[in-house]
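Architecture at a glance
As a plain string of letters, each chain reads:
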Amino acid sequence: MITVFGAGTMGSAIAALACGHGLPVTLVDTDPNAAEAGIARARTGLRHGALMGAFPQGVEHAPITAAHSPDAAAGAEIVIEAITEDTARKAKLLAEVAAVAPGVPLVTNTSGIPVDELADAVPDPSWLVGAHFMNPAYLIALTEVIRGPRTGEAALAAITGVLERLGRRAIVVSDSPGFVTSRLLHPMLNDAARVVQAGTATAEQVDELMRGCLGHRTGPLATADLIGLDNLADALSALAERTGDPQHAPCALLLEKVAAGDHGRKTGRGFFDYRKVLS
Ligand SMILES: NC(=O)c1ccc[n+]([C@@H]2O[C@H](COP(=O)([O-])OP(=O)(O)OC[C@H]3O[C@@H](n4cnc5c(N)ncnc54)[C@H](O)[C@@H]3O)[C@@H](O)[C@H]2O)c1
């Protein structure tokens, strides 16, 4: 059994990935409504993934159960945290989980908070490792795995073993703010928003140029909407704080959209409008 903390965009997609490969999941969220919504989203992900051929044939989908407290980590083979990108909140949860499940591999799905910073929260830092699943986790077959300076071989073997059972390939990188993918992608998404903010082009034009001229598969602003603009702003702030580069701080337009509740696909509107598609 895998216990996943955080039933938002990522937790629900990771749950779908595991269940589609026959591994039962307990999906934990402090907000009971978010847990139920996360299970519903995971079921949609299971249907979507099945249609896309993302799950092995002949493997029965495993159950997903909702829970609301760190106690749900007891008895887990591995724990994956995919809660809000907030260092203090993640550290508190990891400490609570380590107390309930000592010696169980702890995986953080942070977008870019250094694993070693979070490792200070747990009594045995060797059990903490990073696995940066991408959205949607059940469709993207490659996972960036982060080995912190204190990550132990047992934790690394546990996550790479689970990823293999989930049909994912792992690339193991060293610990650093934003690792590889967020360090490169997030500043580019921020700059794409700055181009719109400056009035140089519309969001549609930015994405069309990046797709048509530069081969970007979805377009940067559609990618930002898929990630969730609230999460993108949090991840950029974390990157700016840790690199000391003010250019990485979320731009004004991004912050305006977050403040207005326009968080991208998950709220129905971000740089683009999804409400017709969702209704
Ligand atoms: N969105 C992406 O595309 C993406 C991709 C890779 C990694 N990540 C990372 O994954 C993590 C989750 O991101 P998301 O986009 O799913 O966020 P989200 O805002 O969609 O969901 C976060 C969930 O965590 C819950 N939560 C907060 N504190 C909790 C706690 N102590 N215990 C249990 N649940 C708690 C919240 O209620 C919320 O439902 C973040 O660290 C993010 O940076 C996100």
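These figures come from a predicted structure and were not determined experimentally.

1. Looking at the pattern of salt bridges
Under the definition given, this model contains 13 salt bridges. In this structure, D230 and K266 form a salt bridge, with 3.0 Å as the shortest nitrogen-oxygen distance. Linking D230 in helix 9 (residues 229-243) with K266 in the loop between helix 10 (252-259) and helix 11 (275-278), this pair joins segments that are 36 residues apart in sequence. You can call K266 partly exposed: its relative accessible area is 45%. The partner of D262 in a salt bridge is R269, and the shortest N-O contact between them spans 3.4 Å. D262 sits in the buried class, given a relative accessible area of 14%. Within this structure, E81, E85 and K90 form a network of salt bridges that share partners.

2. Re the packing of aromatic side chains
With the rule as written, the count across this model stands at 1 aromatic pair. For the pair F55 and Y138, a centre-to-centre distance of 6.5 Å together with 45° between the ring planes defines the contact as tilted. A residue pair is termed long-range when its members are at least 10 positions apart, and F55 in the loop between helix 2 (32-51) and strand 3 (64-67) and Y138 in the loop between strand 6 (128-132) and strand 7 (142-147) qualify at 83 residues. Directly above the aromatic system of F271 lies the positively charged group of K257, at a separation of 5.1 Å from the ring centroid.

3. Some points on the environment of I171
Mapped onto the elements, I171 comes out in strand 8 (residues 169-174). Look at I171 and you get partly exposed, because its relative accessible area is 39%. Measuring from C-alpha to C-alpha, the distance between I171 and Q247 comes to 28 Å, with 76 residues separating the pair along the chain.

4. Quick notes on the UniProt feature "domain: 3-hydroxyacyl-CoA dehydrogenase NAD binding" (unreviewed entry) in the protein
This chain's UniProt record puts "domain: 3-hydroxyacyl-CoA dehydrogenase NAD binding" (unreviewed entry) on residues 2-175. Here residues 2-175 runs as 37% helix and 21% strand, with 24 Å between its end C-alpha atoms.

5. Notes on the nonpolar core
Of all hydrophobic cores here, the largest spans 36 residues; its most connected members are I2, V25, L27, I64, F133 and I159. Examining the composition of this core, we find that 8 residues originate from one element, helix 1 (residues 9-20), more than from any other. L27 has contacts with V4, G6, A7, G11, S12, A15, G38, I39, I64, T65, A66 and A67, leaving out every residue within four places of it along the chain. Grouped together as the second largest cluster of nonpolar side chains are 25 residues, L94, V104, I146 and A238 included.

Cut-offs and rules
Residues numbered from 1 in each chain as written. Predicted model: local features only at pLDDT ≥ 70, side-chain atom pairs only at ≥ 80, totals over all residues. Heavy atoms only, no water. Salt bridge = Lys/Arg side-chain N within 4 Å of Asp/Glu carboxyl O. Helix = DSSP H or I, 4+ residues; strand = E, 2+ residues; numbered from the N terminus. Buried < 20%, exposed > 50% of the residue type's maximum accessible area, 1.4 Å probe, protein only. Phe/Tyr/Trp six-rings, centres within 6.5 Å; stacked < 30°, edge-to-face > 60°. Lys NZ or Arg CZ within 6 Å of the ring centre and 35° of its normal. UniProt positions renumbered as here; feature names shortened; annotations may be inferred. Core = buried A, V, L, I, M, F, W, Y, C linked by side-chain atoms within 4.5 Å. Contact = heavy atoms within 4.5 Å.

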